[in-house]
Number of protein chains: 2
Amino acid sequence: IIGSAIAKAEDSLPSWNSGPAKQSIVAFVDRVTQKQSPDYVEPTDRIAVFDNDGTLWPEAPIPFQAAFAFDEVKRRVPKEPTLAADPMVQAVLQGDIGKLIEGKHHDGLLKVMAITHAGMSTDEFATSVSDWLESAEHPRFKKAYSDLTYQPMQELLDYLRANGFKCFIVSGGGADFMRVWSERVYGIPAENVVGSTGQAKYEMRDGKPQLIKTLDHLFVDDKEGKPVGIHQFIGRRPIACFGNSDGDQAMLEYTTIDNPLPSFGLIVHHTDVEREYAYDKKPSSSGKLTTALEAASKRGWTVVDMKSDWVRVFRGSGSE
Amino acid sequence: IIGSAIAKAEDSLPSWNSGPAKQSIVAFVDRVTQKQSPDYVEPTDRIAVFDNDGTLWPEAPIPFQAAFAFDEVKRRVPKEPTLAADPMVQAVLQGDIGKLIEGKHHDGLLKVMAITHAGMSTDEFATSVSDWLESAEHPRFKKAYSDLTYQPMQELLDYLRANGFKCFIVSGGGADFMRVWSERVYGIPAENVVGSTGQAKYEMRDGKPQLIKTLDHLFVDDKEGKPVGIHQFIGRRPIACFGNSDGDQAMLEYTTIDNPLPSFGLIVHHTDVEREYAYDKKPSSSGKLTTALEAASKRGWTVVDMKSDWVRVFRGSGSE
Ligand SMILES: [Ca+2]
Ligand SMILES: [Ca+2]
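Residues numbered from 1 in each chain as written. Chains lettered and ligands numbered in written order. Predicted model: local features only at pLDDT ≥ 70, side-chain atom pairs only at ≥ 80, totals over all residues. Heavy atoms only, no water.

1. Here's the deal with the overall build of chain A
Okay, step 1: The helix and strand tally for chain A stands at 15 helices and 9 strands.
Okay, step 2: Against the 2.2 N^0.38 benchmark of 20 Å for 320 residues, chain A shows a C-alpha radius of gyration of 20 Å, consistent with a compact globule.
Okay, step 3: Counting over 320 residues, chain A shows a buried share of 57%.
Okay, step 4: Restricting to contacts in chain A with at least 6 residues of sequence separation, those with at least 24 account for 67%.
Okay, step 5: When the accessible area of chain A is evaluated, it comes to approximately 13200 Å², of which 52% is carbon and sulfur surface.
Okay, step 6: Side-chain charges in chain A split into 36 positive and 45 negative, and the spacing between the mean points of these groups amounts to 1 Å. (Helix = DSSP H or I, 4+ residues; strand = E, 2+ residues; numbered from the N terminus. Rg over C-alpha atoms; globule rule 2.2 N^0.38 Å. Buried < 20%, exposed > 50% of the residue type's maximum accessible area, 1.4 Å probe, protein only. Contact = heavy atoms within 4.5 Å. Areas by Shrake-Rupley, 256 points an atom, 1.4 Å probe, with all protein chains shown as cover. Lys, Arg positive; Asp, Glu negative; His and termini not counted. Charge placed at Lys NZ, Arg CZ, Asp CG, Glu CD.)

This is the structure:
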């Protein structure tokens, strides 16, 4: 049975090389979806959660949402000259990331977030994200950011959905940022996106309902925040969890330790300096991976070796 | 076309008497789902939101979640004698609702909520809700609370889902309370329930992941909180909204004013003192309906007259 399921899955996961990573995925899906399996799980409980940056698309040289924020500052400065007076805006204009991340709370980055992610209506924000995504290009790969999603992970999303799973993004990124394109890019509708959020403010402006973005009651959907966000937004424990860094460790543990249902955890390890990036302990951007990698063997999590496990990396590309 | 659609809908909505309320529902669903309609809406955008208390099930003589909280206090007092020393617990034991709602912030009720809705794990809480729902009985109707959902609204949920709508609960009630039974009772899975929430705390206890309920960062999903919650949890503007009180006015407005898509609003007016309850300006429990009822004609919202529009009221009953 497992042999034939793997053969079937070859069609569903063509960008995955044969090997233990692919086998573990197929064996788990099989185990929870075959009616006669003692570990069968009802479709309604087949909740799968995916980190985004570094798991579904890259996070280097900087997370794509940070690229959006910096581009947005640059776009607005000519129209809003008072902005240019801000030293943190100057740091953006000069590409001085060091200055932006100075201090315990990265005050510069917070300032840039406040300028680019608050004070406008949710519709205005969605338009600016959408416009940016259409025009911006990744500095190394010279493609639209939305063409840089990982083809093997896209196949995995499709494969899980075809097997009755409900797939959610659970990311430290902004929910409002991701929801603009998550359905088009991943087939994940807005309501299945859990991310960091500020509490919007509801107002009638000129008789029209508006939600104004704020950074109030900021919920940071990272580390221990991920299980908290999963509970708050999804309301159930997932049975499958996919991440790439220590920021995902808590949700991997929440998914796989003491879960009354069978469960599966997977870490994407960036090992491919040629086709993408190679990092773990010392990422140049986000994505530090140390304790979660250590925990993987103890917990039985699958570790994907990007270089050897993936036939190709990006969706928007031929075979690389 | 409308004639035949209504005839077809007769099968889907048998507990609705013919009349303008039913007609308006069918006409709207028709308008947004027929491919050739100029107002056709893609399935992914067919978001429908439902208030719960007073819209999908009763809210008298007290909201069912309050009944749970009071029963829970009574259940725990014999095992936790220190509880009995609390004057607000005494008020519960004596049925002194007046004392519980004294003061601007209803300190007594808040105390009862803190005792019954925080400090335990989310799993423990779910078990206590589930146990309660199995054993508790409505004081007037002498049935399990979950048998008292409104049959016409259940048919409406089914009818909308059959027409490609995604149905969500958006309620001032606690999300953790509703999610225990929403799928079984309404076919609405946990992840489609938006409600009031405190931020749970993630911990490892004896090596096992636990989410401990708290009242921290309490989000109250009522009035202006409803559009805020819709944006935060669903991420898109609904095209159909169903409520029964002024607490739903903001989400009715958010759904129907200046929406780029066609939209529909509906208010359930409790007019049936025989079969259920009759109230608007002066409810004995929650559910005050004044400004939203005034706004209905201006906004084109359908007002359901429970007495004349509904053939029967409750799901768990014969034809009454
Ligand atoms: Ca990541
Ligand atoms: Ca209500």
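2. Things to note about the confidence of the model for chain A
Okay, step 1: When pLDDT is averaged across chain A, the result is 94; 96% of the residues are at 70 or more.
Okay, step 2: Ranking the elements of chain A by mean pLDDT puts helix α1 (residues 2-12) of chain A last with 64 and strand β6 (residues 240-243) of chain A first with 99. (pLDDT = per-residue confidence, 0-100.)

3. Topic: the relation of the copies chain A and chain B
Okay, step 1: The transform that puts chain A on chain B rotates by 180° and translates by 0.0 Å along the axis, for an RMSD of 0.0 Å. Given the turn and translation reported, the copies of this chain are related as if by a two-fold rotation axis. For chain A, the residue whose C-alpha comes nearest the rotation axis is F233 of chain A, separated from it by 3.2 Å.
Okay, step 2: Here 100% of the contact residues of chain A are again contact residues in chain B; the copies associate through an equivalent surface. (Least-squares fit on C-alpha atoms with pLDDT ≥ 70 in both.)

4. Digging into the pattern of salt bridges
Two side chains bearing opposite charge may form a pair once their charged atoms approach each other closely.
Okay, step 1: Going through the model one piece at a time under the given rule, you end up with 30 salt bridges over all chains.
Okay, step 2: Notably, a salt bridge pairs D86 of chain B with K111 of chain B, separated by 2.2 Å at the nearest N-O pair. Remark: K111 of chain B occurs in helix α6 (residues 107-117) and D86 of chain B occurs in the loop between α3 (64-76) and α4 (87-93); sequence separation between them is 25 residues.
Okay, step 3: With a relative accessible area of 14%, D86 of chain B lands in the buried category.
Okay, step 4: Linking K226 of chain B and D248 of chain B is a salt bridge whose minimum nitrogen-to-oxygen distance equals 2.7 Å. In this pair, K226 of chain B is assigned in helix α11 (residues 225-233) and D248 of chain B in the loop between β6 (240-243) and α12 (249-256), connecting sequence segments 22 residues apart. Each member of the pair, K226 of chain B as well as D248 of chain B, carries the same accessibility label: buried.
Okay, step 5: Here the salt bridges do not stand alone but share partners, grouping D45, K166 and R236 of chain A together with E183 and E191 of chain B into one network. (Salt bridge = Lys/Arg side-chain N within 4 Å of Asp/Glu carboxyl O.)

5. With respect to the packing of aromatic side chains
All names here are of chain A.
Okay, step 1: Taken as a whole, this structure holds 39 aromatic pairs over all chains when the rule is applied.
Okay, step 2: Ring-pair connections join several aromatic residues into one group, and the members of that group are W57, F64, F68, F125, W132, Y145, F177, W181 and Y186.
Okay, step 3: Above the face of the F125 ring, K213 is positioned so that its terminal group lies 4.4 Å from the ring centre. (Phe/Tyr/Trp six-rings, centres within 6.5 Å; stacked < 30°, edge-to-face > 60°. Lys NZ or Arg CZ within 6 Å of the ring centre and 35° of its normal.)

6. Some points on the packing of helix α2 (residues 20-33) of chain A against helix α9 (residues 151-162) of chain A
Residues and elements named next belong to chain A.
Okay, step 1: Interaxial distance between α2 and α9 falls to 11 Å at its minimum, and their mutual angle equals 15°. Taken together, the axis directions place α2 and α9 in an arrangement best described as roughly parallel. Along this stretch, α2 crosses α9, giving a crossing that reads as right-handed. Each of I25, V26 and V29 in α2 lies in contact with α9, whose residues at this interface are L156, Y159 and L160. (Axes fitted to C-alpha atoms, helices over the stretch in contact; angles between N-to-C directions. Parallel < 35°, antiparallel > 145°, perpendicular 65-115°, else oblique. Left-handed = near helix turned anticlockwise from the far one by under 90°.)

7. Observations regarding the domain arrangement of chain A
All names here are of chain A.
Okay, step 1: The domain boundaries assigned to chain A delineate domain 1 (43-60 + 144-309) and domain 2 (64-135).
Okay, step 2: Taking only C-alpha atoms, the centre of domain 1 and the centre of domain 2 are 23 Å apart.
Okay, step 3: On the domain 2 side, the residues contacting the 20 residues of domain 1 number 18 residues.
Okay, step 4: Buried surface at the junction of domain 1 and domain 2, both sides included, amounts to about 1700 Å², of which 75% is carbon and sulfur.
Okay, step 5: Of all residues in domain 1, Y145, F177 and K213 bury the most surface against domain 2, accounting for 42% of the area lost on that side.
Okay, step 6: Viewed at the interface, domain 2 and domain 1 are joined by 4 residue pairs in polar contact (both at pLDDT 80 or more).
Okay, step 7: Of all the secondary structure elements, the ones that give two or more residues to the side of domain 1 that touches domain 2 are β2 (166-174), α10 (175-179) and β5 (208-212).
Okay, step 8: Of all the elements, β5 adds the most residues to the side of domain 1 that touches domain 2, at 3 residues. (Domains from an automatic or database assignment. Buried area = accessible area lost by both parts, 1.4 Å probe. Polar contact = N/O pair within 3.5 Å; in protein donor to acceptor, adjacent residues only side chain to side chain.)

8. Topic: the environment of Q154 of chain B
All names here are of chain B.
Okay, step 1: One can find Q154 in helix α8 (residues 151-162).
Okay, step 2: For Q154, a relative accessible area of 3% puts it in the buried group.
Okay, step 3: Sequence spacing of Q154 and S15 is 139 residues, and the spatial spacing of their C-alpha atoms is 9.6 Å.
Okay, step 4: Apart from the residues lying within four places of it in its own chain, the contact partners of Q154 are T149, V185, Y186 and R315.

9. Some details on the coordination of the calcium ion (ligand 2)
Residues and elements named next belong to chain B.
Okay, step 1: Only D51 (OD), D53 (O) and N244 (OD1) from the protein coordinate the calcium ion (ligand 2), and they sit 2.2 to 2.3 Å from it.
Okay, step 2: One chain supplies every donor to the calcium ion (ligand 2), and in sequence these donors are spaced D-x1-D-x190-N. Residue D51 is located in the loop between β1 (47-50) and α3, and its partner N244 is located in the loop between β6 and α12; the two are separated by 193 residues in the primary sequence.
Okay, step 3: The exposure class assigned to N244 is buried, which follows from its relative accessible area of 2%. (Donors = N, O, S within 2.8 Å, 3.2 Å for Na, K, Ca; no water.)

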